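For reference, the chains in residue letters:
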Amino acid sequence: MPRPLSKRLTPFALLTSALALSAACGSPPPPAEPAPPPAPAPSAPAPIPAAPVVSAAPAPEPAPPPAPTAETPPSRSQKAIDVITARDAAFLIDYANSDVKQRAMDACNREAKEPDKVGACLEKARDAFQADVIRWKRDPDNKKDWEKKVQLLIYKRVGSSLREVAVGPVQLAEDGADAVKMTVGKLKGARPLFRNQSNVVIKSPNEYSIEIDDPDYGLLRYDAKIGLVTD
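Residues numbered from 1 in each chain as written. Predicted model: local features only at pLDDT ≥ 70, side-chain atom pairs only at ≥ 80, totals over all residues. Heavy atoms only, no water.

**Observations concerning the overall build of the protein**
A tally of helices and strands in the protein yields five helices and nine strands. Scanning the protein from its N terminus toward the C terminus, one meets helices and strands in the order α-α-α-β-α-α-β-β-β-β-β-β-β-β. Summing over all exposed atoms, the protein offers an accessible surface of approximately 16,900 Å²; the carbon and sulfur share of this is 59%. (Helix = DSSP H or I, 4+ residues; strand = E, 2+ residues; numbered from the N terminus. Areas by Shrake-Rupley, 256 points an atom, 1.4 Å probe, with all protein chains shown as cover.)

Following this line, the structure appears as structure tokens:
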């Protein structure tokens, strides 16, 4: 009678059978790889220091231009003698800014007490002033010799027309850049200015006006006008 199978297997056979059985059931899974370490959390950026606050100083104001002084008078392109003898130039009285008006007001306030009479007095005084326009006319051929062939003409303004009051020869000489010395001869007609004067200084503070200090009327200011008198 045969022996049972289990009794006929040797230890080697048992080992072989066990290995075969393990292979049939599949090899065990490989050990799992270790998980990677967690990434470090990003560090917060370093704070940016705040810029220092600097208060802006106010911009300096520009310095004012230097005031003209006696050492640096304003420049001019023409001398006084050229201003008063310029071709077609005549000089119209600035009555409101001349001493003659203030003297008339003083006299009228003394003589007339009522306002309406003062006004009439002032109108009469204004009409009595004859030297409204002055002109120095040189001979067209005279280019350099200012002491000859220069005519002084004085006009009274009547409305839009001019009436000749006085005319006669005068001699002119430079007195610096802004003044002229005038020697007055015999004038034909009434003599509204320069009474009892033979030497007069004509000042020209700029190229557009002249000033005359008259013994009867005080300081008289005249403005240059081109074409006011035509030949």
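**Topic: the packing of helix 4 (residues 99-111) against helix 5 (residues 115-128)**
Interaxial distance between helix 4 and helix 5 falls to 9 Å at its minimum, and their mutual angle equals 140°. When the interaxial angle is binned, helix 4 and helix 5 end up oblique. Considering only the axes of helix 4 and helix 5, their crossing is right-handed. Contacts between helix 4 and helix 5 involve Ala 104, Met 105, Cys 108, Asn 109 and Glu 111 from the former and Val 118, Cys 121, Leu 122 and Ala 125 from the latter. When grouped by side-chain class, the residues that make up the contact of helix 4 with helix 5 number seven nonpolar, one polar and one charged. (Axes fitted to C-alpha atoms, helices over the stretch in contact; angles between N-to-C directions. Parallel < 35°, antiparallel > 145°, perpendicular 65-115°, else oblique. Left-handed = near helix turned anticlockwise from the far one by under 90°. Contact = heavy atoms within 4.5 Å. Nonpolar A, V, L, I, M, F, W, Y, C, P; charged D, E, K, R; others polar.)

**Section: the side chain of Asp 94**
You can see Asp 94 is positioned in the loop between strand 1 (89-93) and helix 4. Buried charged residue Asp 94 carries no salt bridge. Nearest counter-charge: Arg 221, at 6.3 Å. What Asp 94 contacts, discounting residues up to four positions off in sequence, is Arg 221, Tyr 222 and Asp 223. (Buried < 20%, exposed > 50% of the residue type's maximum accessible area, 1.4 Å probe, protein only. Lys, Arg positive; Asp, Glu negative; His and termini not counted. Salt bridge = Lys/Arg side-chain N within 4 Å of Asp/Glu carboxyl O.)

**Considering the packing of aromatic side chains**
Going through the model one piece at a time under the given rule, you end up with three aromatic pairs. Summarising the aromatic geometry, the rings of Phe 91 and Trp 136 are spaced 6.0 Å apart at their centres and angled 70° between planes, so their arrangement reads as edge-to-face. Note that Phe 91 is positioned in strand 1 and Trp 136 in strand 2 (residues 133-138), a separation of 45 residues in sequence. Residue classification places Trp 136 among the buried residues on the basis of a relative accessible area of 1%. Arranged with centres 5.0 Å apart and planes meeting at 85°, the rings of Phe 129 and Tyr 217 form a pair that is edge-to-face. Pair noted here: Phe 129 is in the loop between helix 5 and strand 2 and Tyr 217 is in the loop between strand 8 (209-214) and strand 9 (218-226), with a separation of 88 residues, a long-range link. Assigned by exposure class, Phe 129 and Tyr 217 land together as buried. Taken together, the ring pairs connect Tyr 95, Phe 129 and Tyr 217 into an aromatic cluster. Its end group placed over the ring of Tyr 95, Arg 126 keeps NZ or CZ at 4.3 Å from the ring centre. (Phe/Tyr/Trp six-rings, centres within 6.5 Å; stacked < 30°, edge-to-face > 60°. Lys NZ or Arg CZ within 6 Å of the ring centre and 35° of its normal.)

**Focus on the confidence of the model for the protein**
In low-pLDDT regions, the fine details of the predicted coordinates are not to be read closely. Confidence in the prediction for the protein averages 78 pLDDT; 63% of positions are at 70 or higher. Within the model, pLDDT remains below 50 along residues 18-25, and this stretch shows zero contacts once partners closer than five positions in the same chain are excluded. (pLDDT = per-residue confidence, 0-100.)

**Re the pairing of strand 2**
Here strand 1 runs beside strand 2; their pairing, made up of two bridges, is antiparallel. Note that in strand 2 the partner of Phe 91 across the bridge is Ile 134. In the sheet, strand 2 pairs with strand 3 (residues 150-158) via six bridges, with the strands oriented antiparallel. Across the sheet, the residue bridging to Ile 134 is Ile 154, located in strand 3. (Pairing = 2+ DSSP bridges.)

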